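Below, each chain spelled out in residue letters.
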Amino acid sequence: MSARIFISRDSGALCVGAEEVAHAFRKAFETRGLDVEIIRTGSRGMYWLEPLVEVATPQGRVGYGPVRLSDIDALLDAGMLDGKSNRLSIGIVDDYPWIKSQTRLTFKNCGIIDPRSLEDYKAHGGYQGLAKALAVGPKATVEEVVTSGLRGRGGAGFPTGIKWRTVADTPPQQKYIVCNADEGDSGTFADRMIMEGDPFVLIEGMTIAGIAVGATYGYIYIRSEYPDAIEAMEIAVREARKGGMLGKKVAGSEFDFDMEVRAGAGAYVCGEETSLLESLEGKRGEVRAKPPLPAHIGLFGKPTVINNVLSLASVPIIMAEGGPHYRDFGMGKSRGTMPIQLAGNIKHGGLYETAFGITLGALVDEIGGGTRSGRPVRAVQVGGPLGAYFPRSLFDTPFDYEAFTAADGLIGHGGIVVFDDTVDMAKQARFAMEFCAIESCGKCTPCRIGSARGVELVDKIVKGDDAAANLIVLEDLCNTMKFGSLCALGGFTPYPVLSALTHFPEDFGAAKKRLEAAE
Ligand SMILES: Cc1cc2nc3c(=O)[nH]c(=O)nc-3n(C[C@H](O)[C@H](O)[C@H](O)COP(=O)(O)O)c2cc1C
Ligand code: SF4
């Protein structure tokens, strides 16, 4: 058998030269007359090591990274194809502490399999979840997802099984499964990674959802900024259809289910589920008033399950291993695992999947290794642009929906953006209001007008223009936005603003001198 090496095709790896490295290895093998197969995978999620090149050995895959073009000859000379260790070697990848300490359920196969091969997916346990769903039937499938305790990973944390049950309980008619792959939150990339690295797991999850609730068609709405994910999903949908896993009589069963990929034009608010449905229908992305819920009147007026990529991609393992297996991980009402994304000014940025309950401090300091700049961590924003800023004093907060709510924050889609001590928190508060003003769909006044007034107020406070009075007005405005907005864009923008004010008051007004003194 020829030697095999694995190089990621994930866009995070491509950005740092994975394509060029793969090409150079191919040429080097030709020049040296070596018979080596290069398999393109997704990423393992250790972005500081990309391009990571892995070599199959009898002991497991041995990793080398980050590999530059200039390293290739030296690596081959040093016996890389036999897994020999050298300067870039990280040893057996599965034993590497960053990987070994994770609990990979949703990302089990990401970075391991060839995302374009249905056969490879099946060889790694793919479609066992669907087989189980077909064996137990739609009703028991819904109940298995309820039992798992899975909550929506898109941000709101609503129980997935309960949403499915609502759609399943509507009378038989055309129903839809919509996958929300808009992934607009700052510092998040888990949806993209799974679509690029293990697209069949999402297709399988959507197929199970369709069969469970009686839907025969699905749409994956992917942001246009993700061309590689769009391509990966389109290839996988075609392969699944060719292999009989989509279309009429899925996997030889009595059920029909098919799907297509749609590219969004790029608006943060199009990640909000009703706005997304409008956009899918070809209209301007504007939020719909609720009720009716999409579960009753959704896409094209039909009952619709709309779920995040990670929610749907977690379903195959839940079905294959059983709801109780998944539920056994986690804490409190946060069950299972969360693919956490470490981003911003962080030494070891990437994807870390672990059971709920790990503390914020462990994630930032131990797993992430602190800042990349080497300066002290001052603040982290969790949950995207609508998430709160946490100071170090809250680093003992466990990663858990309820614990974050109690600390006036949110987990959102699991993105953590790290800032060092040079961050100006007044600027961050202003940015939150400015972001809301730019991205607002304009349907309701507290958000449309409130965010513009919010920017002006932060500016006045920082300038010291009647700061005490304007602070009171800002807090009042935040409350109006919180309680008067139609959706969470206007409703949650106060969280980053108020958390910056509460935890970092010294950055508002005269205390800007703190920064100047630090320089
Ligand atoms: C402004 C805004 C943007 C959102 N963006 C996303 C997004 O990019 N991806 C996502 O899955 N959910 C997003 N959501 C949440 C969705 O409205 C919805 O809760 C989610 O798609 C439901 O799926 P889940 O239950 O699997 O999380 C957003 C919500 C708001 C208010
Ligand atoms: S809160 Fe903002 S984004 Fe949401 S409906 Fe109102 S105007 Fe639109």
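Everything below is about the structure shown above.
About the criteria used
- Residues numbered from 1 in each chain as written.
- Chains lettered and ligands numbered in written order.
- Predicted model: local features only at pLDDT ≥ 70, side-chain atom pairs only at ≥ 80, totals over all residues.
- Heavy atoms only, no water.
- Helix = DSSP H or I, 4+ residues; strand = E, 2+ residues; numbered from the N terminus.
- Rg over C-alpha atoms; globule rule 2.2 N^0.38 Å.
- Contact = heavy atoms within 4.5 Å.
- Areas by Shrake-Rupley, 256 points an atom, 1.4 Å probe, with all protein chains shown as cover.
- Lys, Arg positive; Asp, Glu negative; His and termini not counted.
- Charge placed at Lys NZ, Arg CZ, Asp CG, Glu CD.
- 1 Å grid on protein atoms, 1.4 Å probe; cavity = no way out; pocket = protein on both sides within 12 Å on 5 of 7 lines; lining within 4 Å.
- Points joined across faces, edges and corners; volume = space filled by probe spheres on them.
- Near = heavy atom within 4 Å.
- Sits in = over half its atoms within 2 Å of the grid points.
- Nonpolar A, V, L, I, M, F, W, Y, C, P; charged D, E, K, R; others polar.
- Pairing = 2+ DSSP bridges.
- Axes fitted to C-alpha atoms, helices over the stretch in contact; angles between N-to-C directions.
- Salt bridge = Lys/Arg side-chain N within 4 Å of Asp/Glu carboxyl O.
- Buried < 20%, exposed > 50% of the residue type's maximum accessible area, 1.4 Å probe, protein only.
- Polar contact = N/O pair within 3.5 Å; in protein donor to acceptor, adjacent residues only side chain to side chain.
- Phe/Tyr/Trp six-rings, centres within 6.5 Å; stacked < 30°, edge-to-face > 60°.
- Lys NZ or Arg CZ within 6 Å of the ring centre and 35° of its normal.

S.K.: Describe the overall build of the protein, with residues and values.
M.R.: Per the secondary structure count, the protein includes 22 helices and 16 strands. In terms of overall size, the protein behaves like a compact globule, its C-alpha atoms giving a radius of gyration of 24 Å where 519 residues would be expected to give roughly 24 Å. The principal-axis extents of the C-alpha atoms in the protein amount to approximately 75 × 60 × 40 Å. A fraction of 71% describes how many contacts in the protein between residues 6 or more apart in sequence connect residues 24 or more apart. Approximately 20200 Å² of the protein is accessible, and the part contributed by carbon and sulfur atoms is 53%. With 55 positive and 65 negative side-chain charges, the protein shows a spacing of 2 Å between the two charge centroids.

S.K.: An account of the layout of surface pockets is requested, with residue identities and associated values reported.
M.R.: Put simply, the largest pocket is a space of about 1300 Å³. For the lining of the largest pocket, the elements supplying multiple residues, two or more each, are helix H8 (160-168), strand E9 (304-308), helix H16 (401-406) and helix H20 (488-492). The greatest single-element share of the lining of the largest pocket, amounting to four residues, is contributed by E9.

S.K.: Any details on the site of ligand 2? Residues and values, ideally.
M.R.: In the vicinity of ligand 2 lie 13 residues, with Cys-441, Lys-443, Cys-444, Cys-447 and Cys-487 positioned nearest. When atom positions are compared with the pocket grids, ligand 2 is found to occupy the largest cavity. Its residues assigned to classes, the shell around ligand 2 comprises eight nonpolar, four polar and one charged.

S.K.: Got a sec to walk through the sheet that holds E9? Specific residues and values, please.
M.R.: Taken in spatial order, the four strands of this open sheet run E8-E7-E6-E9, and their pairing is parallel. Edge positions in the sheet fall to strand E8 (258-264) and E9, since each of these pairs with one other strand and no more. Strand-to-strand twist across the sheet, computed as the mean angle between neighbouring axes with direction ignored, equals 20 degrees. Bridge count for strand E7 (residues 217-223) against E8 is seven bridges, and the pairing is parallel. Bridge pairing in E8 links Gly-218 to Met-259. Taken strand by strand, helix H10 (residues 199-213) contacts strand E6 (176-181), E7, E8 and E9, and its axis lies near 150 degrees from that of E6.

S.K.: Pulling in residues and values, what's your account of the pattern of salt bridges?
M.R.: Throughout the structure, instances matching the rule amount to 30 salt bridges. Between Arg-375 and Asp-421 there is a salt bridge, with the nearest N and O atoms lying 2.6 Å from each other. With Arg-375 in the loop between helix H15 (360-367) and strand E14 (377-382) and Asp-421 in the loop between strand E16 (415-420) and helix H17 (425-439), this pair connects stretches of sequence that are 46 residues apart. Of the residues examined, Asp-421 reaches a relative accessible area of 18% and is grouped as buried. Salt bridges sharing partners connect three or more residues here, namely Arg-44, Glu-54, Arg-61 and Asp-94.

S.K.: Can you lay out the site of ligand 1 for me, pointing to particular residues and giving the numbers?
M.R.: In the vicinity of ligand 1, 18 residues are found, and the nearest of them are Gly-154, Asn-180, Asn-307, Asn-308 and Ser-311. Contact between ligand 1 and Glu-273: an oxygen atom at 2.9 Å from a main-chain N or O atom of the residue. Take Ser-311: an N or O atom from its side chain is 2.6 Å from an oxygen atom of ligand 1. Here ligand 1 occupies the largest pocket. Those elements that place two or more of their residues in the shell around ligand 1 are E9 and H20. Sort the elements by how many residues they give to the shell around ligand 1 and E9 lands first, with three residues. Its residues assigned to classes, the shell around ligand 1 comprises four nonpolar, eight polar and six charged.

S.K.: Could you give me a rundown of helix H21 (residues 494-503), with the residues and numbers involved?
M.R.: Of all the ten residues making up H21, seven are buried; the element is thus mostly covered by neighbouring parts of the structure. Looking at H21, one finds that the buried residues are Pro-494, Tyr-495, Pro-496, Val-497, Ser-499, Ala-500 and Leu-501. Contact partners of the buried residues in H21: E14, strand E15 (389-391), H17, helix H19 (467-484) and H20.

S.K.: Give me the packing of aromatic side chains: which residues, what numbers.
M.R.: Tallied over the entire structure, the rule returns 16 aromatic pairs. Here the aromatic rings of Tyr-121 and Tyr-127 are separated by 5.5 Å at their centres, their planes lie at 85 degrees, and the arrangement is edge-to-face. Accessibility classification places Tyr-121 together with Tyr-127 in one group, the buried group. A network of ring pairs unites the aromatic residues Tyr-176, Tyr-217, Tyr-219 and Phe-300 as a single cluster. Against the face of Phe-6 rests Arg-61, its NZ or CZ located 3.5 Å from the ring centre.

S.K.: Requested: an account of empty space enclosed by the protein, with residues and values cited.
M.R.: In this structure the tally under the stated criterion is two cavities of 30 Å³ or more. Each pocket or cavity is described by its volume, and for the largest cavity that value is around 60 Å³. Forming the boundary of the largest cavity are Val-269, Val-287, Ser-440, Cys-441, Gly-442, Lys-443, Cys-444, Cys-447, Leu-486, Cys-487 and Leu-489. Split by residue class, the lining of the largest cavity holds eight nonpolar, two polar and one charged. By volume, the second largest cavity amounts to about 50 Å³. Lining the second largest cavity, in full, are Phe-6, Ile-7, Ser-8, Thr-41, Gly-42, Ser-43, Arg-44, Glu-50, Leu-52, Glu-54 and Gly-111. Per element, the largest residue contribution to the lining of the second largest cavity is three residues, and it comes from strand E1 (residues 3-8).

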